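Reading the structure
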Amino acid sequence: MNQQNIDNFNTEKILIVRCGEVALKGMNKPYFERVLVERIRKNLANVKGAKITRKEGLIFVRVPTDSNMDEVTREVSKVFGVSSVSPAVEAASDIDAIGNEAVKVMNNLIEERGIRTFKVEAKRADKSFPVKSPDIARRIGASILKGCKVLKVDVHNPDCRIFVDLRADRTYIYEDKIHGLGGLPLGTNGKGLVLLSGGIDSPVAAWMMAKRGMLIDAVHFHSYPYTSPRAQQKVEELAEIVSSYCGRINMTVINLLPIQEAIVTNCPEDETTILVRRFMMRIAEKIAEKKRDMMLITGENLGQVASQTAEALVVTDQSVSMPVMRPLIGMDKVDIMDLAKEIGTYEKSIEPYEDCCTVFLPKHPVTKPRLEKILKSEEKLDVESLVDAAVASAEEKTVG
Ligand code: ATP
Ligand code: MG
């Protein structure tokens, strides 16, 4: 390594990105990694001068030294498929050069956090390097002790663990492994249509499918003028939060009121909820076919409310032939709420705006609907025309 190359080190800040599950994908690995790099690039669109490269199973993000590293770290760690990230410094793969950089790192940590004890862990990916991992750790430890007089080694409970990852031409030194979200890169698992309400559950459901690599379209139903434009605005704001993880969302907005009125006028009151839900599914299926979505996604959860009993879910499903994904089906409400808080949708979801489902809420909704009875009630309606009219009146929005 000549002096010129050594001087090029650390003119940029580096983030090491690990891909976890993506790395398990065998033959498809290069494809998954390529998509992942593209997703990272998109999330860093606002960071000037960001460079992203792949090497030896890792992804490296390099940004100019004046970049806000917290922002870069945050943006990269929320890309699905990223298992962890580490802000790192880089040195030539040479014991003295690594030692010098390690001393600088430790001096910063002494200043920033007042650390007093440390431990070095070393990994030697380049097995041709003449020094073995435990010896690398020992020698870098000795350099640190020499360069930072206030520090002592503590192998059991150190204030700081410093990792040395020695590779063929470069060595990376880092402290933290910050967890990413895991999952798979967006776009590696089809496209689905989420029925997005303003509630807590459906944004989380969309997020969970996106986390497994699925691109997301959305459909939202309102009952204007019974529901307000502000309630719709809230749903768009929710979609905006979800889109910060799952990319731009094409959202179809539909007024369900004519259908709700037809149901209320012609069908038994206690069946209103299940009948409305079957219409929502039918309309969603039509929209999904148009947009080439492979499946519908809802935030339903077994037993949470009257429309989500096992019987109601079966009767709901029998209105469509497209698969319906319910990623929250077996979760407890508190866990869904915790996840919503983590994603950042919770506070928006609990804003008190009306929802179309509550506009004609029956006093005693049927909790164990029977398909034959529901089909009889639907005979009183011109289902096809109602669905077609709703689809024809759809409004399209783009969020994110
Ligand atoms: P959420 O918190 O997602 O609103 P919920 O517990 O309130 O769910 P329901 O209101 O019965 O339950 O809705 C069940 C699912 O139906 C929702 O998760 C969502 O996928 C869909 N849904 C309900 N209302 C709407 C709406 N106005 N527009 C689009 N989809 C809806
Ligand atoms: Mg709801």
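Further up the page is the structure itself.
Residues numbered from 1 in each chain as written. Chains lettered and ligands numbered in written order. Predicted model: local features only at pLDDT ≥ 70, side-chain atom pairs only at ≥ 80, totals over all residues. Heavy atoms only, no water.

1. Notes on the pairing of strand β5 (residues 117-124)
The condition is simple: Any two strands with at least two DSSP bridges between them are considered paired. Numbered from the N terminus, helices here are DSSP runs of H or I no shorter than four residues, and strands are runs of E no shorter than two. Here the term right-handed applies to a crossover when the path leading from its first strand over the helix to its second strand runs clockwise, the strands being oriented away from the viewer.
As defined by bridge partners, β5 adjoins strand β6 (residues 152-153) across 2 bridges and the pair is classed as parallel. Across the sheet, the residue bridging to Thr-117 is Lys-152, located in β6. With respect to chirality, the unit in which β5 leads through helix α5 (residues 133-147) into the neighbouring parallel β6 is right-handed. The sheet contact formed by β5 and strand β7 (residues 160-166) spans 7 bridges and is parallel. Its bridge partner lying in β7, Arg-124 is registered against Leu-166.

2. Some points on a negative patch on the surface
Quick note on the threshold: What goes into a patch is any residue over 30% in relative accessible area without a salt bridge, connected to like charges within 9 Å or, for nonpolar side chains (Val, Leu, Ile, Met, Phe, Trp, Tyr), within 5 Å. The Shrake-Rupley method, run with a 1.4 Å probe sphere, supplies the accessible areas, and residue values consider only the shown protein chains as cover. In the sections that follow, a salt bridge refers to a side-chain nitrogen of Lys or Arg positioned within 4 Å of a carboxyl oxygen of Asp or Glu. In summary, the charge assignment counts Lys and Arg as positive and Asp and Glu as negative, without counting His or the chain termini. The location of each charge is read from NZ of Lys, CZ of Arg, CG of Asp or CD of Glu. Each residue is assigned to one of three classes by its accessible area relative to the maximum for its type, calculated with a 1.4 Å probe on protein chains only: buried under 20%, partly exposed between the two thresholds, exposed over 50%.
A cluster of acidic residues, Asp-332, Asp-335, Asp-338 and Glu-342, forms a negative patch on the protein surface. Structurally, Asp-335 is set in helix α11 (residues 333-343). Exposure remark for Asp-335: the relative accessible area of 39% places this residue in the partly exposed category.

3. A few points about the pairing of strand β1 (residues 12-18)
In terms of burial, β1 is largely enclosed, as 5 of its 7 residues are buried. Two elements, β1 and strand β3 (residues 58-64), share 6 bridges in a ladder whose sense is antiparallel. The residue of β3 that forms the bridge with Glu-12 is Pro-64. In this sheet, strand β4 (residues 84-92) lies alongside β1 in antiparallel orientation, the contact comprising 5 bridges. The residue of β4 that forms the bridge with Ile-14 is Ala-88.

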